[in-house]
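Breakdown of the fold
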Amino acid sequence: MPMTTELTTHLSPAALRGLVTELADRPAEWIHLVRLATEERWYQRLRLTEDHEVWLISWLPGQSTGFHDHGGARGAFAVALGELEELSLGAPDGALHTRRLPAGAVRAFGPDYLHDVRNTANGPAVTLHAYSPPLTGMTRYELRADGLHTTAVEGPEQW
Ligand SMILES: [Fe+2]
């Protein structure tokens, strides 16, 4: 088996960051697709290749993901319109970090990253996400006083 198999099937967080940053700057390619949904976040996959996928997501005020991982995928997302907030547990003490993500903000992360992303603003938001490899599953968590607890393990059929 060639030694490079693992390397060639993943894009790095930096590459994914570049990808969503460029796409967020080209709204003509996706703005006409955006919809808003009150039941849950609206999302549409824009691209699926062997080594990565790209999603377009809209967020109404109050909509959130809850704490989740990405099933070992690397990822990045860019806020193209509106404003979001990201919660994560930081090293070394596991303290809860809150980041404000205004339009233009980009986050990139490795395979072990956990976060909760939400729209706490007054208006809708639109984001571009890229994952490598394409998502195959994710675990959801609930943040309690003593840390994160697993609440669900989901496969692609739940999305
Ligand atoms: Fe995420």
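Residues numbered from 1 in each chain as written. Predicted model: local features only at pLDDT ≥ 70, side-chain atom pairs only at ≥ 80, totals over all residues. Heavy atoms only, no water.

Turning to the overall build of the chain, a few remarks are in order. Helices and strands together make up the secondary structure of the chain, namely two helices and 11 strands. Along the chain direction, N to C, the helices and strands of the chain fall in the order α-α-β-β-β-β-β-β-β-β-β-β-β. A globule of 159 residues ought to have a C-alpha radius of gyration of about 15 Å, and the chain, at 16 Å, matches this closely. On the principal axes, the C-alpha backbone points of the chain span a range of 50 × 45 × 30 Å. By the burial criterion, 41% of the 159 residues in the chain qualify as buried. Across the chain, every contact between residues at least 6 apart in sequence was considered, and the portion connecting residues at least 24 apart equals 68%. (Helix = DSSP H or I, 4+ residues; strand = E, 2+ residues; numbered from the N terminus. Rg over C-alpha atoms; globule rule 2.2 N^0.38 Å. Buried < 20%, exposed > 50% of the residue type's maximum accessible area, 1.4 Å probe, protein only. Contact = heavy atoms within 4.5 Å.)

In this numbering, the UniProt entry assigns the feature "binding site: Fe cation" (unreviewed entry) to H68, H70 and H115. With the annotated positions falling across 48 residues, the maximum pairwise C-alpha distance of 9.5 Å places them together in a single cluster. Inspection of the secondary structure puts H70 in the loop between strand 3 (67–68) and strand 4 (74–81). Classification of H70 by relative accessible area gives buried; the value is 1%. (UniProt positions renumbered as here; feature names shortened; annotations may be inferred.)

Moving on: the nonpolar core. Judged by nonpolar contacts, the single largest core of 17 residues is most densely connected at V20, W30, L56, L128 and A130. For this core, the elements supplying multiple residues, two or more each, are helix 2 (13–24), strand 2 (53–59), strand 4 and strand 9 (125–132). (Core = buried A, V, L, I, M, F, W, Y, C linked by side-chain atoms within 4.5 Å.)

Our focus in this paragraph is the pairing of strand 11 (residues 147–154). In this sheet, strand 11 lies alongside strand 10 (residues 138–144) in antiparallel orientation, the contact comprising seven bridges. Counted as the bridge partner of L143 is L148 from strand 11. In this structure, the hairpin formed by strand 10 and strand 11 is closed by a connection of two residues. (Pairing = 2+ DSSP bridges.)

Under the defined criterion, the tally for this structure stands at two aromatic pairs. Taking the centre distance of 5.8 Å and the plane angle of 70° together, the rings of Y43 and W55 count as edge-to-face. Of this pair, Y43 sits in strand 1 (residues 42–48) while W55 is found in strand 2, placing the two residues 12 residues apart along the sequence. The class of W55 is buried, set by a relative accessible area of 14%. The interplanar angle of 20° and the centroid separation of 5.0 Å between the aromatic rings of F109 and Y113 together place this pair among those described as stacked. A relative accessible area of 4% places F109 in the buried class. (Phe/Tyr/Trp six-rings, centres within 6.5 Å; stacked < 30°, edge-to-face > 60°.)

Our focus in this paragraph is the coordination of the iron ion. Around the iron ion, the donor atoms from the protein are H68 (NE2), H70 (NE2) and H115 (NE2), and they sit 2.1 Å away. When the donor residues of the iron ion are listed from N- to C-terminus, their spacing reads H-x1-H-x44-H. With H70 in the loop between strand 3 and strand 4 and H115 in the loop between strand 7 (106–109) and strand 8 (116–118), this pair connects stretches of sequence that are 45 residues apart. For the pair H70 and H115, one class covers both residues: buried. (Donors = N, O, S within 2.8 Å, 3.2 Å for Na, K, Ca; no water.)

Turning next to the sheet that holds strand 7. In space, the five strands of this open sheet follow the order 1-2-9-4-7, with antiparallel pairing throughout. Looking at the sheet topology across the chains shown, the edges are occupied by strand 1 and strand 7. Neighbouring strand axes in the sheet, compared pairwise and without regard to direction, differ in orientation by 15° on average. In the packing of helix 2 onto the sheet, contacts are made with strand 1, strand 2, strand 4, strand 7 and strand 9, and the angle to strand 4 comes to roughly 20°. (Axes fitted to C-alpha atoms, helices over the stretch in contact; angles between N-to-C directions.)

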